[in-house]
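Architecture at a glance
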Amino acid sequence: MTDAPVRLLIIDDDPLVRAGLKLMLGGADDIDIVGEGADGSEATALVDRLRPDVVLMDIRMPVMDGLTATEALRARPGAPEIVVLTTFHADEQVLRAIRAGAAGFVLKDTPPARIVESVRRVAAGDPVLSPAVTRQLMARAAGSGQGERVDRAARARERIALLADREREVAVAVGRGRSNAEIAATLYLSVATVKTQVSRILARFGFNNRVQIALLVHDAGLLDDEDDENGSNPA
């Protein structure tokens, strides 16, 4: 009754980085490195041929960058999960990758065990962004130009208006970085109901992961409406 190993594709233009990733990930018996590529332009063909569950994607590559490749892959049906590789915390390109549907990011100097765990988590449908990192990304989003922020806020509010009241409460809780169990306890729901609500929100907006919900409620200003709860509500 063993689960099939996670099929992993590595795309990075630096052969030393690829070799290091293969070394650290190849030792995990539940991860199968099915291939590697040196540029984002190779991503679509490699995914079609190798059918990975997860792609580790470098952002900065010479011919096609990882952001463009992520957008192209995530727009396709049956797309693999994508984790972007970067050397920067809360880099603007990371934010754009998350908006495009990447399931999170790992820094290139992340300890090997955490990179392995990140691949496992993403394969299981759990984005690899802690609430602290999500806050960093949202702070970066808030730092955009005034006109861009206003336009994004208006679009976000229009989308949020499509949600039922309970869905909106769940979306805000996701935006605060709460787990399904924490949301269930706060809103007096079962964990199964919370999972269903999250799935509905993702499907309604064509989102790929919870981080995109968090960014949406942030853009709509909903995290400011409830003055810094930060998980301290009485249950």
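Residues numbered from 1 in each chain as written. Predicted model: local features only at pLDDT ≥ 70, side-chain atom pairs only at ≥ 80, totals over all residues. Heavy atoms only, no water.

What about the packing of helix 8 (residues 165-175) against helix 10 (residues 191-205)?
Remark: helix 8 packs on helix 10, axes separated minimally by 10 Å, with the N-to-C direction vectors making an angle of 90°. If you check the angle between helix 8 and helix 10, you find them roughly perpendicular. Together, Arg166, Glu167, Val170, Ala171 and Val174 of helix 8 and Gln197, Val198, Arg200, Ile201 and Arg204 of helix 10 make up the contact between the two elements. Taken together, the residues of the contact of helix 8 with helix 10 sort by class into five nonpolar, one polar and four charged. (Axes fitted to C-alpha atoms, helices over the stretch in contact; angles between N-to-C directions. Helix = DSSP H or I, 4+ residues; strand = E, 2+ residues; numbered from the N terminus. Parallel < 35°, antiparallel > 145°, perpendicular 65-115°, else oblique. Contact = heavy atoms within 4.5 Å. Nonpolar A, V, L, I, M, F, W, Y, C, P; charged D, E, K, R; others polar.)

Topic: the sheet that holds strand 1 (residues 6-11)
The sheet built from five strands is open, its strands ordered 2-1-3-4-5 with parallel pairing. In this open sheet, the two edge strands, each paired with only one partner strand, are strand 2 (31-37) and strand 5 (104-107). The average angle at which neighbouring strand axes cross in this sheet is 25°, direction not considered. Pairing of strand 1 with strand 3 (residues 54-58), which is carried by four bridges, proceeds in the parallel orientation. Across the sheet, residue Leu8 finds its bridge partner in strand 3, namely Val54. This element, helix 1 (residues 15-26), spans strand 1, strand 2, strand 3 and strand 4 (81-86) of the sheet and lies at about 170° to strand 2. (Pairing = 2+ DSSP bridges.)

Notes on the nonpolar core
Leu9, Ile11, Val55, Met57 and Val84 are the most contacted members of the largest nonpolar core, which has 25 residues in total. For this core, the elements supplying multiple residues, two or more each, are strand 1, helix 2 (43-50), strand 3, helix 3 (66-74), strand 4, helix 4 (92-100), strand 5 and helix 11 (210-219). Excluding residues that lie within four positions of it along the chain, Val84 makes contacts with Met57, Ile59, Thr70, Val94, Ala97, Ala102, Gly104, Phe105 and Val106. Counting 23 residues, the second largest nonpolar core, distinct from the first, contains Leu163, Val194, Leu216 and Val217. (Core = buried A, V, L, I, M, F, W, Y, C linked by side-chain atoms within 4.5 Å. Buried < 20%, exposed > 50% of the residue type's maximum accessible area, 1.4 Å probe, protein only.)

What to know about helix 4
Burial in helix 4 covers these residues: Val94, Leu95, Ala97, Ile98 and Ala100. Two residues or fewer past helix 4, Gly101 is found with a positive phi of approximately 120°.

With respect to the pairing of strand 1
Counting buried positions over the six residues of strand 1 gives five, a clear majority of the element. Sheet analysis places strand 1 next to strand 2, joined by six bridges and oriented parallel. Following the sheet pairing, Leu8 is matched in strand 2 by Ile33. In this region the chain leaves strand 1, passes through helix 1 and returns to the parallel neighbour strand 2; the handedness of that crossover is right-handed. (Right-handed = clockwise from strand over helix to strand, strands pointing away.)

A closer look at the confidence of the model for the chain
Interpreting fine coordinate detail is not advised for predicted regions of low pLDDT. The predicted model of the chain averages 83 in pLDDT, with 83% of residues at 70 or higher. Note on residues 226-235: pLDDT is under 50 here. Beyond four places in sequence and across chains, it has 11 contacts. (pLDDT = per-residue confidence, 0-100.)

Looking at the pattern of salt bridges
By the definition in use, this model includes 11 salt bridges. With a closest N to O distance of 3.2 Å, Asp12 and Lys108 form a salt bridge. Linking Asp12 in the loop between strand 1 and helix 1 with Lys108 in the loop between strand 5 and helix 5 (112-123), this pair joins segments that are 96 residues apart in sequence. Taking relative accessible area as the criterion, Lys108 reaches 31% and is therefore assigned partly exposed. The salt bridge involving Arg18 is made with Glu36; its shortest N-O contact spans 2.5 Å. With a gap of 18 residues between them, Arg18 in helix 1 and Glu36 in strand 2 connect regions that are remote in the sequence. Residues joined by salt bridges that share partners form a network here, namely Asp12, Asp58 and Lys108. (Salt bridge = Lys/Arg side-chain N within 4 Å of Asp/Glu carboxyl O.)

Things to note about the environment of Met57
Note that Met57 resides in strand 3. Overall, Met57 belongs to the buried group, its relative accessible area being 0%. Sequence separation of Met57 and Ile82 is 25 residues, and the distance between their C-alpha atoms is 6.8 Å.

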